[in-house]
Amino acid sequence: MAPAGARRPDGTAIRVLVVDDEPSLAELLGSVLRYEGWDTRTAGTGTDAVSIAREFQPDAVILDIMLPDFDGLEVLRRLRAENAGVCVLFLTARDAVEDRIAGITAGGDDYVTKPFSLEEVLARLRGLLRRADLTRTHSEGSLSVADLTMDEDAREVRRGGDLIELTATEFELLRFLMRNPRRVLSKAQILDRVWNYDFGGQAHVVELYISYLRKKIDAGRPPLIHTVRGVGYVLKPGG
């Protein structure tokens, strides 16, 4: 039986799809994940990835940006069209910040840059699954700040009664803010709690996700997410 951390709430193994056009790397990652207890499939092209995902219904995808037919961003768009909640960890040999932001903006939850350590990939993947609550085993209740409410069990967020759709990372970021209302949180604190590792000072990732939340939470409403210049962010009613 899969280890507890590798099981879904229904007791079955977490399903992970590895997509990379280097067969040796894909198989290495697949073998490591299977050893960890995850149910794993591999694909070497975007076409195969989409086809396998349709049948396999993965909980998470490790996805290379550069593929022989179409790129990882297009694979992601097709996967999310059929499974909006799938967690995506990008693999990229490109080191430019613009490429990383492009991947996250397209809906990816995280990325690692080649060459990478297997331990780093496992840590990032565990973080994604934790943020998606796929391995959560206990009830945590609900949170509320002003007219913003979060049902942690149902993973539902509402503002003034209106349901707001969030990605796994957005949900975890908002939960951290809502668990610390009126407390100013630094970007370093947010990186440590939400992403669970050091981004190497790349605070733009926090800024990016705060902007996503503002568009979904505060658009057309009195703002709840406030910037404290030079310090960080705070969730509170009023200015």
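Residues numbered from 1 in each chain as written. Predicted model: local features only at pLDDT ≥ 70, side-chain atom pairs only at ≥ 80, totals over all residues. Heavy atoms only, no water.

Student: Tell me about the pattern of salt bridges, and name the residues and values.
Tutor: Oppositely charged side chains can form a pair if their charged atoms are brought close together. All chains considered together, the criterion is met by 20 salt bridges. Two residues, E74 and R77, come together in a salt bridge whose shortest N-O distance is 3.1 Å. Taken as a pair, E74 and R77 lie in helix α3 (residues 72-82) at a separation of 3 residues, close to a single helical turn. Residue E74 is classed as partly exposed on the basis of its relative accessible area, which comes to 22%. The class of R77 is partly exposed, set by a relative accessible area of 45%. For the salt bridge of E74 with R78, the shortest nitrogen-to-oxygen distance reads 2.8 Å. Residue E74 and its partner R78 are located together in helix α3, separated by 4 residues, close to a single helical turn. In this structure, a network of salt bridges that share partners links the residues D20, E22, D64 and K114. (Salt bridge = Lys/Arg side-chain N within 4 Å of Asp/Glu carboxyl O. Helix = DSSP H or I, 4+ residues; strand = E, 2+ residues; numbered from the N terminus. Buried < 20%, exposed > 50% of the residue type's maximum accessible area, 1.4 Å probe, protein only.)

Student: Can you lay out the confidence of the model for the chain for me, pointing to particular residues and giving the numbers?
Tutor: When pLDDT drops low, the exact placement of atoms in the prediction is not to be read closely. Looking at the chain, the pLDDT average stands at 83 and 83% of residues meet or exceed 70. Note on residues 1-5: pLDDT under 50 across the span, and 7 contacts to partners over four residues away in sequence or across chains. (pLDDT = per-residue confidence, 0-100. Contact = heavy atoms within 4.5 Å.)

Student: Lay out the pairing of strand β4 (residues 87-92) in plain terms, naming residues and giving numbers.
Tutor: Burial analysis of β4 places 6 of its 6 residues in the buried class, the great majority of the element. Where burial is concerned, the two faces of β4 agree: the one with C87, L89 and L91 and the one with V88, F90 and T92 are both buried. Alignment of strand β3 (residues 60-64) against β4, held across 5 bridges, turns out to be parallel. Opposite D64, over in β4, you have L91 as the bridge partner. For the handedness criterion, the β-α-β arrangement of β3, α3 and β4 is classed as right-handed. As paired strands, β4 and strand β5 (residues 110-113) are joined by 4 bridges and run parallel to one another. Paired with F90 across the bridge in β5 is Y111. (Pairing = 2+ DSSP bridges. Right-handed = clockwise from strand over helix to strand, strands pointing away.)

Student: Report on the packing of helix α6 (residues 168-179) against helix α7 (residues 187-195), specifying residues and quantitative values.
Tutor: Taken N-terminus to C-terminus, the directions of α6 and α7 make an angle of 125 degrees; their axes are 10 Å apart at the nearest point. By the angle between their axes, α6 is oblique relative to α7. In terms of crossing hand, the pair formed by α6 and α7 is right-handed. Two secondary-structure elements touch here, α6 through T169, E172, L173, F176 and R179 and α7 through Q189, I190, R193, V194 and W195. (Axes fitted to C-alpha atoms, helices over the stretch in contact; angles between N-to-C directions. Parallel < 35°, antiparallel > 145°, perpendicular 65-115°, else oblique. Left-handed = near helix turned anticlockwise from the far one by under 90°.)

Student: Provide a residue-level description of the packing of α6 against helix α8 (residues 204-218), including the pertinent values.
Tutor: Viewed as axis vectors pointing N to C, α6 and α8 meet at an angle of 85 degrees, and their least axial separation amounts to 10 Å. As judged from the angle between their axes, α6 and α8 are roughly perpendicular. Contact with α6, carried on its side by T169, E170, L173, L174 and L177, involves Y209, I210, Y212, L213, K216 and I217 of α8 and no other residues of that element. By residue class, the composition of the contact of α6 with α8 is 8 nonpolar, 1 polar and 2 charged. (Nonpolar A, V, L, I, M, F, W, Y, C, P; charged D, E, K, R; others polar.)

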